[in-house]
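Observations on chain architecture
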Amino acid sequence: MSTAEIVGAVDIEEIADSMRRTGFGQVENAMPADELRSLQAFARDAVRRKGDESAYLAPDALAGTALGELARSPELDTFLRQLHEAAAQRPPAPEEHIYAGLRCLYGRTGAASSLQYHFDSYTVTALVPIEIPTSGNRGDFLYYPNLREVRRSALVNIAEKAACQNGVTRRVLASQAFRKRIPPQRLELVPGNLYVFWGYRTLHGNDICDPDQLRATALFHFGDPHLGDPLVQRVHRRVERAGRTKQLISPGV
């Protein structure tokens, strides 16, 4: 079975219930071994082409890969649409589509991208680990689940994200004192599994990853609850312009 077929056979209510209780849902062995091996080689090549530093591959760069095919599959689309509705209590906009990316952490830039806690702009995030270190600092997924509801106001959302995603707050969240006092939930990622969580509602990031080991994760985002808001459209245009002038490392997971 393909990844799309495996996802299409999942019990949505069971996954949504797990997300409410624990913060995430899981589909074990969602990606066939041959696809996983191919994507691991693809990720290693992307890092080499960046001079042995981190790389982020946006949707266009994933065309012709298993990740590109999965992002266009009706099975994953239906899966994420239903999980969006469970969180937002309303259907997604008709023009919504899946935004896919491949995040490869390695070297100095990989270390700098760790412990960057954030809320996603999209309601639902599906994560497929492609390659995860097996020793040392593995870059475990760290999260504070479902801290907020899906906001009606884009301005409230932007204010909350700004309060949590500035340098001062991130340094506090990453400090040993804070992590000991209010520890995040920790998830050890297994390559080939699929994990899904409400990224908009969950403050999350990855733990420290050793610079000499590759950590590659595929991300599928869906459901921007503020898609039609003029303020959000201006932000999206600025992001698109930035993307055309330089490649950015996603602060994802």
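Remember, it's a predicted structure, so these values are computed and weren't measured experimentally.

1. A closer look at the overall build of the protein
When helices and strands are counted, the protein shows 10 helices and 9 strands. Computed over its C-alpha atoms, the radius of gyration of the protein comes to 17 Å, within 12% of the 18 Å expected for a compact globule of 253 residues. Within the span of the protein, comprising 253 residues, buried residues form 51% of the whole.

2. Section: the pattern of salt bridges
Oppositely charged side chains can pair when the atoms bearing their charge come close. Within the structure shown, the criterion is met by 15 salt bridges. The salt bridge partner of Asp207 is Arg186, with a shortest N-O separation of 2.9 Å. Taken as a pair, Asp207 in the loop between strand S8 (203-206) and strand S9 (215-222) and Arg186 in strand S6 (residues 185-187) lie far apart in primary sequence, 21 residues in all. Given the relative accessible area of 11%, Asp207 is considered buried. Counted as one network, the salt bridges with shared partners bring together Arg138, Asp140, Arg179, Arg186, Glu188 and Asp207.

3. Some words on the pairing of S9
When you tally the buried positions in S9, you get 8 out of 8 residues, the bulk of the element. Judged by which residues are buried, S9 turns out to be covered on both faces: Arg215, Thr217, Leu219 and His221 on one side and Ala216, Ala218, Phe220 and Phe222 on the other are all buried. In this sheet, S9 lies alongside strand S3 (residues 99-105) in antiparallel orientation, the contact comprising 7 bridges. Pairing of Tyr99 across the sheet is with His221, part of S9.

4. Here's the deal with the sheet that holds S6
Sheet strands pair via backbone hydrogen bonds, and the direction of the pair is either parallel or antiparallel. In space, the 3 strands of this open sheet follow the order S6-S5-S8, with antiparallel pairing throughout. What marks the edges here is a single partner per strand, and that holds for S6 and S8. With direction set aside, neighbouring strand axes in the sheet form an average angle of 20 degrees. Relative to S8, strand S5 (residues 141-144) runs antiparallel, the two sharing 4 bridges. Counted as the bridge partner of Leu142 is Gly205 from S8.

5. So, the confidence of the model for the protein
Summary statistics for the protein give a mean pLDDT of 91 and a share of 92% for residues scoring 70 or more. Note that residues 243-250 has pLDDT below 50 and, in this model, 11 contacts with residues that lie over four places away or in other chains.

6. Comments concerning the environment of Ala30
Relative to the helices and strands, Ala30 is located in the loop between strand S1 (25-27) and helix H3 (33-49). Taking C-alpha positions, Ala30 is 15 Å from Gln40, a pair spaced 10 residues apart along the chain. When sequence neighbours within four positions are dropped, the list of residues in contact with Ala30 reads Thr3, Ile6, Gly192, Asn193 and Leu194.

7. Focus on the packing of aromatic side chains
Evaluated as defined, the whole model comprises 6 aromatic pairs. Relative to Tyr195, the ring of Phe24 has its centre 6.3 Å away and its plane inclined at 55 degrees; by these criteria the two rings are tilted. Within this pair, whereas Phe24 is found in the loop between helix H2 (12-22) and S1, its partner Tyr195 is found in strand S7 (residues 194-197), the two being separated by 171 residues in sequence. Across the pair, exposure class does not vary: Phe24 and Tyr195 are buried alike. Aromatic side chains Phe141 and Tyr143 sit 5.2 Å apart centroid to centroid with 10 degrees between the ring planes, which places their arrangement in the stacked category. Residue Phe141 is classed as buried on the basis of its relative accessible area, which comes to 1%. In this structure, Arg148 packs its charged tip against the face of Tyr200, placed 4.1 Å from the ring centre.

What counts and what doesn't
- Numbers given for residues are sequential positions, taken from 1 along each chain in its written order.
- Restriction of local features to residues with pLDDT of at least 70 applies here, the model being predicted, together with a cutoff of 80 or more for giving and counting side-chain atom pairs; totals for whole chains, interfaces and linings are based on all residues.
- For the side-chain quantities, the full set of heavy atoms in the structure was used; hydrogens and water were omitted.
- Runs of H or I in DSSP of at least four residues are treated as helices and runs of E of at least two as strands, each being numbered from the N terminus.
- Here the globule rule reads 2.2 Å times residues to the power 0.38, and the radius of gyration is calculated from C-alpha atoms.
- Burial classes: relative accessible area under 20% of the type maximum marks a residue as buried, over 50% as exposed, and values in between as partly exposed (1.4 Å probe, protein chains only).
- One speaks of a salt bridge when a side-chain nitrogen belonging to Lys or Arg is within 4 Å of a carboxyl oxygen belonging to Asp or Glu.
- Strand pairing is assigned whenever DSSP identifies at least 2 bridges connecting the two strands.
- Here an axis means a line fitted to C-alpha atoms, over the contact stretch when the element is a helix, while the angle between two N-to-C directions is reported on a 0 to 180 degree scale.
- Within a predicted model, pLDDT stands for the predictor's per-residue confidence, ranging from 0 to 100.
- Contacts: residue pairs with any heavy atoms within 4.5 Å of one another.
- Any Phe, Tyr or Trp ring, taking Trp's six-membered ring, that has another such ring centre within 6.5 Å forms a pair; planes under 30 degrees apart are called stacked, those over 60 apart edge-to-face, and the others tilted.
- Charges are assigned to positions over rings by a cutoff of 6 Å between ring centre and Lys NZ or Arg CZ, combined with an angular limit of 35 degrees from the ring normal.

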